[in-house]
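# What the coordinates show
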Amino acid sequence: MIIRTLDPDTDAALLPDLAAMMVEAVVGGASIGFMAGFSQADSLAWWQGRMAAAAEGEVQILVALDHGGVAGTVSLAPAAMPNQPHRADIAKMMVAKRARGRRVGAMLLTGVEALAIAQGRTTLVLDTISGSAAARLYERAGWEKVGDIPAYALMPDGEMAPTTFYTKRLA
């Protein structure tokens, strides 16, 4: 397994795999911002926009690669405001169904935390569906639960779901 930063200039060939993984996640019920009916074309367009944002330095995207291609991804989005040069958000953590149970999520989380430290980002924030497998991963990795917001987001099927916010201070 290789965890590395996605290069907007040379990694366009990974976009179809990233798009397929995202569609798989939404079809599987992941609350990552998209609703049922989210297509490969929708996902590819979203990833093209994300690559453009990465090229502008607005986000850094890590990918996990194995013998089958893209096994997972996570993004680091540095805070944009001048009074928050120390803060970043963790977003769009996904692991391909074929790669689950192989610690890909934990490796991506370790990688994105190291990337944050290298950039001087010492306060990280993320959110996930309350009680989810992702929430358990973050808690095992030492993230502090800040609180829950009921009825925060819609699941892909339209059901309202609570979200838990987490933070982690890095040395």
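Coordinates for the structure precede this section.
Described below are features of the structure shown in this document. These numbers come from a predicted model, not from an experiment.

## Thoughts on the sheet that holds strand β7 (residues 160–169)
- Spatial ordering of the open sheet is given by β1-β2-β3-β4-β5-β7-β6, a layout of 7 strands whose pairing is mixed. With one partner strand each, in any of the chains shown, β1 (2–5) and β6 (144–154) form the two edges of the open sheet. Taken pair by pair, the neighbouring strands of this sheet meet at an average axis angle of 25°, ignoring direction.
- Here 7 bridges tie β6 to β7, and the two strands are oriented antiparallel to one another. If you follow Gly147 over to β7, its bridge partner there is Phe165.
- On top of the sheet, helix α3 (residues 104–118) reaches β1, β2 (60–66), β3 (69–78), β4 (87–95), β5 (123–129) and β7; it is set at about 35° to β3, its chief contact.

## Overview of the side chain of Ser132
- Of note, Ser132 is situated in the loop between β5 and α4 (133–140).
- Judged by its relative accessible area of 18%, Ser132 falls in the buried class.
- Polar contacts involving the side chain of Ser132 include one to the main-chain carbonyl oxygen of Ile129, which spans 2.8 Å.

## So, the packing of aromatic side chains
- On inspection of all chains with the given rule, the structure shows 6 aromatic pairs.
- A ring pair is formed by Tyr152 and Phe165, whose centres lie 5.4 Å apart and whose planes are at 90°; its orientation type is edge-to-face. You can see Tyr152 sitting in strand β6 and its partner Phe165 sitting in strand β7, a full 13 residues away along the chain.
- Look at Tyr152 and you get partly exposed, because its relative accessible area is 42%.
- Linked through ring pairs, Phe34, Phe38, Trp46 and Trp47 together constitute an aromatic cluster.

## A closer look at the pattern of salt bridges
- Summed over the entire model, instances satisfying the criterion amount to 6 salt bridges.
- For Arg87, the salt bridge identified is with Asp89, shortest N-O distance 2.6 Å.
- A relative accessible area of 29% means that Asp89 is categorised as partly exposed.

## Observations regarding unusual backbone geometry
- With phi around 70°, Arg103 is a residue other than glycine that occupies positive phi space.
- With respect to the helices, strands and loops of the structure, Arg103 is situated in the loop between β4 and α3.
- Take Arg103: its relative accessible area is 61%, and that puts it in the exposed class.

## Thoughts on helix α1 (residues 15–27)
- Across its 13 residues, α1 extends 18 Å between first and last C-alpha, which sits within 8% of the 18 Å expected from 1.5 Å per residue.
- Looking at α1, one finds that the buried residues are Leu15, Leu18, Ala19, Met21, Met22, Val23, Ala25 and Val26.
- Those residues of α1 that are buried lie in contact with α2 (40–55), β2, β3 and β4.
- A positive phi of about 100° marks Gly29, the residue just after α1.

## What to know about the environment of Gly111
- Mapped onto the fold, Gly111 is located in helix α3.
- By relative accessible area, Gly111 is classed as partly exposed at 21%.

## Concerning the packing of α1 against α2
- At a minimum axis separation of 8 Å, α1 and α2 run at an interaxial angle of 120°. Classified by the angle their axes make, α1 and α2 are oblique. Viewed along their axes, α1 and α2 form a crossing whose handedness is right-handed. Residue-level inspection shows Leu15, Pro16, Leu18, Ala19, Ala20, Met22 and Val23 of α1 in contact with α2, the latter providing Gln40, Ser43, Leu44, Trp46, Trp47, Gln48 and Met51.
- Taken together, the residues of the contact of α1 with α2 break down into 11 nonpolar, 3 polar and no charged.

About the criteria used
- Residues numbered from 1 in each chain as written.
- Predicted model: local features only at pLDDT ≥ 70, side-chain atom pairs only at ≥ 80, totals over all residues.
- Heavy atoms only, no water.
- Pairing = 2+ DSSP bridges.
- Helix = DSSP H or I, 4+ residues; strand = E, 2+ residues; numbered from the N terminus.
- Axes fitted to C-alpha atoms, helices over the stretch in contact; angles between N-to-C directions.
- Contact = heavy atoms within 4.5 Å.
- Buried < 20%, exposed > 50% of the residue type's maximum accessible area, 1.4 Å probe, protein only.
- Polar contact = N/O pair within 3.5 Å; in protein donor to acceptor, adjacent residues only side chain to side chain.
- Phe/Tyr/Trp six-rings, centres within 6.5 Å; stacked < 30°, edge-to-face > 60°.
- Salt bridge = Lys/Arg side-chain N within 4 Å of Asp/Glu carboxyl O.
- Expected span 1.5 Å × (residues − 1).
- Parallel < 35°, antiparallel > 145°, perpendicular 65-115°, else oblique.
- Left-handed = near helix turned anticlockwise from the far one by under 90°.
- Nonpolar A, V, L, I, M, F, W, Y, C, P; charged D, E, K, R; others polar.

Purely spatial values, then, with no claim about function.
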